[in-house]
Amino acid sequence: MAVFPRIGSVARSLRWLIVRLVTPPACWILAATAIAAGLLAVGGVALWPRPALPVRVMAEEVVFPMSPPGSAQWASENIFPQHKFFEPTAVAIAADGSRRVLVLERRGTVALIRDEPASSRKTEILDFSSQVIRTPYDDDGALNLVLHPQFGQADSPHRGYFYIYYTADRDGVCYDRLSRFTLGDDDRVDPDSEVVLIDQRDRNLWHNGSGLAFGADGFLYVGMGDEGGDSDSFENGQKIDKNLFSGILRIDVDRRGGDISHAPKRQPDNGETADYFIPNDNPFVGMPGVLEEFWAIGFRNPHRFAFDERRQLWVGDVGQILREEIDVVTAGSNCGWSHREGNLPFDRSYLKGRPPAEPIGVATPPLFEYPHVNGNNCVIGGYVYDGQRYPQLRGKYLYADNGSGRIFALEFEGSRVIANHEIASLPVSSKTGISSLTRSPDGELWIVVLGQADETAGTIHRLVPREPGTGPQLPRRLSETGLFSDVVALTPSPGVIPYDVNTPLWSDGAKKSRWIVLPGDGTDPDPAIDRVTFQREQPWKFPDGTIFVKHFELPIDENDPAAVKRLETRVLVQTSGGSVYGVTYKWNEEGTDATLLDGALEETIDIATTMGSIRQERWQYPDRQTCLVCHNNQAGYVLGVSTRQLNREVTYPQSGVTANQLAAWSESGMFTETLSTPEIEQSPSLAAINDAGASLEHRARSYLDANCASCHRPGIARANFDARYTTPLAEQGLIYGRVNSQESLPGSFIVAPGNPARSMLVQRMLYADKRMPPVAVHHRDLSAIGLLCEWIDQLPPGTPPAATETLADSPHP
């Protein structure tokens, strides 16, 4: 509306110019032409159509777990609450019965503790920090530690050997370094015992790899990143003839020789290697000019990996902008970086999304990949669980994400993934969160948490069964959810989109506001990851992690419509399994914030009447299970967000633009496909009960669809009709529909045309003992009852079905 005064101003100015242009002198013409051009430009800006919604952004401030509260079976327990560590990156647990635990700290120190219940002693056994490059929050420092397979064996010359991968400072130049240190029999380490095996010059502090694992063959497997930079800017992906980057190396640290291994035939172009041999059966041995250390290639940042019982290597390879991937790697595997990120072509690197003209190794797609949404952005590889304590986890691959703090269990059969379950989450964040998952000697999972940068705040955890009735961490206050930048004003945060519906669910007269939060920013190559799949008639499909918000306010003064009491804000989260969970935040009396409810609650609210008296109204706050009564599987979990509910115009508060919601969502990239104007115009739309421009039937059936169809549809409620608007009236089982019991109203039907008094539909809305909708409704919806009576009253009478007719063919047997 604000543009109209400017349009008038432009018109008046142009009229003035026209008058002047018809009179000399000629200079008027030139001046007027210039002025007209300027005014037209201003008018053009004013008239240019503005988008109703802003460009989509990721809702980075919104924090909700991806699994239902109370559903996760696992929690984390601090194993050593008496100990804190300086940014711990890895732990190694001796398998010799000594219960020694070596903890690597990112600054370049190693602490020794004992895996004992009353362990109180922590000893710093090695300090090599003067050789380490470490900057806060970067991908550098002391990164991984692994024990020699014969560590702790008294008769072995290797009994004190352990290996550390770190970013080393050589005269101000960074090198990716693999070194061996020796722990003495007195549990001390002489810093001079360091033997440098690999020194690979690295021009960037990121993507350093650092995965370390000994295989059953006794060889050490070493993960090397792509040297960092954006999009493989140093062009190391798919190359094995220059430097030791972007691959997994396999080396013989025992230098057995003979039929087993041989000395390296060449050095990397910008690095040095020593004190190891190369296994004779490495896949690229004998190829001219190559670095024969390579065992597998095509990795961006293989930060953590581990072998399973079948000697398969499971690698968590950290992605760049779109995908995190889990690879099952064998000799000669080529996992595709940097012409591929996960299963997606990656066209930003020097390879432009295409493999090299002469590919190396065996193309190996990821077993599993996941996108950068819902806080996930950095995979931490784990291992296939083979412990005895928790048989329900056996055979599942346990891994984590540094960005979100979530721990997952990947269930698989061979190369086929069956399910991916979030089993626990830690209250941590990117850069300070999970750095490693480690297998203890008895097969149990240990979780290493970095803690705050530059502080001795890191911890070591393990999985434990969760106490019944508890669940993943939920924000305790609405102000902590990140949904609103100003919770008092209910100003939504970026990425939180308001919406409205044509026909709201009856909620005892409460006023409601609604918002939706989609994961991501709408740019993922797979549209289903972060956009809604539109369907004209059927329920929409929402990406995992979608959040729906509904806010309730109750009018409390019949003399003042503006007087309302803030009651609750409900949040519905679509989980990674496709189902949902719901939670409720109850507002305080001041209306300044709301607190999470752990169970159902009923409240009595005073309402000022027009007669000057006070009446009391009950309000029922639902518990989490009650949410699922309506938000059920058969209804598709999500109820009000559909084509027929959102096909309407709204005025968006941020832009002030009035637009059709379907068009606005399409324009802002919220749908997997762009909707055309004819498609929107031809889409169905429900009608509000007070919409005088809609027919009685349209309004009545719209109300039933919004208020009843979540249960009254095939396969759910024990009632013989289908309330969905998409079902033709003649097939809904409403008109002369049989009721299950006529005890309360003999001779009745669900809808008796011309006779509301004999229509059970009306009766069930009138009487409290069996009132519908059944959840949290205490008062009659008089407007809706009047509408339904008016509709039923004008229905032409027909012939009721014979009394002997059964319900066998009804929509609800």
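Everything quoted here is computed from the prediction, not taken from an experiment.

Here we take up the overall build of the chain. If you tally the helices and strands in the chain, you get ten helices and 44 strands. Contacts in the chain between residues at least 24 apart in sequence constitute 58% of all its contacts with a sequence separation of at least 6. Of the roughly 35400 Å² that the chain leaves accessible, carbon and sulfur atoms contribute 52%.

Before going further, it helps to spend a moment on the environment of Val-532. Note that Val-532 resides in the loop between helix H3 (527-530) and strand S37 (547-555). In this structure, the C-alpha to C-alpha distance between Val-532 and Leu-518, residues 14 residues apart in sequence, is 8.3 Å.

Before going further, it helps to examine the pairing of strand S36 (residues 511-517). Along S36, five of the seven residues are buried, which leaves the element largely enclosed by surrounding structure. Of the pairings in the sheet, the one linking strand S35 (residues 496-499) to S36 comprises four bridges and is antiparallel in character. Residue pairing in the sheet places Ile-497 in a bridge with Ile-516 of S36. Both S36 and S37 contribute to a ladder of seven bridges, which runs antiparallel. Bridged to Lys-511 within S37 is Glu-553.

Our next topic: the packing of aromatic side chains. For the coordinates displayed, the defined rule picks out 28 aromatic pairs. Considering the side-chain rings of Tyr-399 and Phe-408, the 5.1 Å spacing of their centres and the 20 degrees angle between planes classify their relative orientation as stacked. Neither residue differs from the other here; Tyr-399 and Phe-408 are each classed as buried. In textbook terms, an aromatic cluster arises when at least three aromatic residues are bridged by ring pairs, as seen for Trp-314, Phe-368, Tyr-370, Tyr-397, Tyr-399, Phe-408 and Phe-412. Over the aromatic face of Tyr-175 sits the side chain of Arg-170, whose NZ or CZ is 4.2 Å from the ring centroid. We note Arg-300 situated over the ring of Trp-337; from NZ or CZ to the ring centre the distance is 5.9 Å.

Here the residue pair Trp-337 and Ser-338 is connected by a cis peptide bond, since its omega of 10 degrees sits within 30 degrees of zero. By secondary structure assignment, the location of Ser-338 is in the loop between strand S21 (333-334) and strand S22 (340-341). Its identity is not glycine, yet Asp-275 carries a phi of approximately 65 degrees, on the positive side. Note that Asp-275 resides in the loop between strand S15 (271-273) and strand S16 (278-279). Even without a glycine there, the phi angle at Tyr-736 is positive, about 55 degrees. With respect to the element layout, Tyr-736 can be found in the loop between helix H8 (696-708) and helix H9 (760-766). Looking at Tyr-736, the relative accessible area reads 14%, which means it is buried.

The sheet built from six strands is open, its strands ordered S35-S36-S37-S38-S39-S40 with antiparallel pairing. Of all the strands in the sheet, the pair left with one neighbour each is S35 and strand S40 (594-596). Strand-to-strand twist in this sheet, taken as the mean axis angle between neighbours without regard to direction, amounts to 25 degrees.

With that settled, the discussion passes to the nonpolar core. Ranked by size, the top nonpolar core spans 37 residues in total, and within it Tyr-399, Ile-407, Ile-423, Ile-447 and Leu-463 carry the most contacts. Take this core: its biggest share by element is five residues, from strand S28 (residues 406-413). Val-501, Phe-534, Val-650 and Val-657 belong to the second-largest nonpolar core, a separate cluster that totals 29 residues.

Two side chains carrying opposite charge are able to pair once their charged atoms lie near each other. This structure, assessed with the given rule, holds 47 salt bridges. As a salt-bridge pair, Asp-96 and Arg-100 come within 2.8 Å of each other at their nearest N and O atoms. For Asp-96, a relative accessible area of 30% gives the class partly exposed. When its relative accessible area of 10% is taken as the criterion, Arg-100 is described as buried. Between Glu-553 and Arg-566 there is a salt bridge whose closest N-O contact spans 3.2 Å.

The topology assignment puts His-207 in the loop between strand S10 (195-201) and strand S11 (212-214). With relative accessibility at 8%, the residue His-207 sits in the buried group. A distance of 2.9 Å separates the side chain of His-207 from the side chain of Asp-226, its partner in a polar contact.

For the rest of this paragraph, the subject is the packing of H8 against helix H10 (residues 782-794). Viewed as axis vectors pointing N to C, H8 and H10 meet at an angle of 130 degrees, and their least axial separation amounts to 9 Å. With respect to their mutual orientation, H8 and H10 come out oblique. Between H8 and H10 lies a crossing whose hand is left-handed. Of H10, the residues touching H8 (which contributes Leu-696, Glu-697, Arg-699, Ala-700 and Tyr-703) are Ala-784, Leu-787, Leu-788, Glu-790, Trp-791 and Gln-794. The residue inventory of the contact of H8 with H10, partitioned by class, reads seven nonpolar, one polar and three charged.

Note that Asn-236 resides in the loop between strand S12 (220-224) and strand S13 (247-251). Reaching out from Asn-236, the side chain makes a polar contact with the backbone oxygen of Asp-226 at a distance of 3.1 Å. Not counting residues up to four positions away in its chain, the partners in contact with Asn-236 are Asp-226, Glu-227, Phe-245 and Ser-246.

Turning next to the sheet that holds S10. Reading across from one edge, S7-S8-S9-S10-S15 is the order of the five strands in this open sheet, with antiparallel pairing throughout. Edge strands, defined here as strands with exactly one partner in the open sheet, are strand S7 (142-147) and S15. Recorded for the sheet is a direction-independent mean angle of 20 degrees between the axes of neighbouring strands. Examined bridge by bridge, S7 and strand S8 (residues 161-170) share five bridges and lie antiparallel to one another. Note on S8: the bridge partner recorded for Leu-147 is Phe-162.

When the terminal C-alpha atoms of H8 are compared, their 17 Å separation across 13 residues agrees well with the 18 Å that a helix rising 1.5 Å per residue should span. Here H8 lies mainly inside the structure; ten of its 13 residues are buried. Along H8, the positions that sit buried rather than exposed are Leu-696, Arg-699, Ala-700, Arg-701, Ser-702, Tyr-703, Leu-704, Asp-705, Asn-707 and Cys-708. Its buried side turned inward, H8 meets helix H5 (643-646), H9 and H10.

This brings us to the confidence of the model for the chain. Of all residues in the chain, 89% have pLDDT values of 70 or greater, and the mean over the chain is 88. Here residues 1-36 scores under 50 on pLDDT; set against residues more than four positions off or in separate chains, the count is 19 contacts. Contacts from residues 804-813, a stretch scored under 50 in pLDDT, to residues over four places away or in other chains number 24 contacts.

What follows deals with the environment of Lys-541. With respect to the helices, strands and loops of the structure, Lys-541 is situated in the loop between H3 and S37. In this structure Lys-541 comes out as exposed when scored by relative accessible area, which is 53%. Along the sequence, Lys-541 and Ala-528 sit 13 residues apart, while their C-alpha atoms lie 8.3 Å from each other. Beyond its immediate chain neighbours, meaning those up to four positions away, Lys-541 contacts Arg-531, Val-532, Thr-533 and Gln-535.

Cut-offs applied
- Residues numbered from 1 in each chain as written.
- Predicted model: local features only at pLDDT ≥ 70, side-chain atom pairs only at ≥ 80, totals over all residues.
- Heavy atoms only, no water.
- Helix = DSSP H or I, 4+ residues; strand = E, 2+ residues; numbered from the N terminus.
- Contact = heavy atoms within 4.5 Å.
- Areas by Shrake-Rupley, 256 points an atom, 1.4 Å probe, with all protein chains shown as cover.
- Buried < 20%, exposed > 50% of the residue type's maximum accessible area, 1.4 Å probe, protein only.
- Pairing = 2+ DSSP bridges.
- Phe/Tyr/Trp six-rings, centres within 6.5 Å; stacked < 30°, edge-to-face > 60°.
- Lys NZ or Arg CZ within 6 Å of the ring centre and 35° of its normal.
- Axes fitted to C-alpha atoms, helices over the stretch in contact; angles between N-to-C directions.
- Core = buried A, V, L, I, M, F, W, Y, C linked by side-chain atoms within 4.5 Å.
- Salt bridge = Lys/Arg side-chain N within 4 Å of Asp/Glu carboxyl O.
- Polar contact = N/O pair within 3.5 Å; in protein donor to acceptor, adjacent residues only side chain to side chain.
- Parallel < 35°, antiparallel > 145°, perpendicular 65-115°, else oblique.
- Left-handed = near helix turned anticlockwise from the far one by under 90°.
- Nonpolar A, V, L, I, M, F, W, Y, C, P; charged D, E, K, R; others polar.
- Expected span 1.5 Å × (residues − 1).
- pLDDT = per-residue confidence, 0-100.

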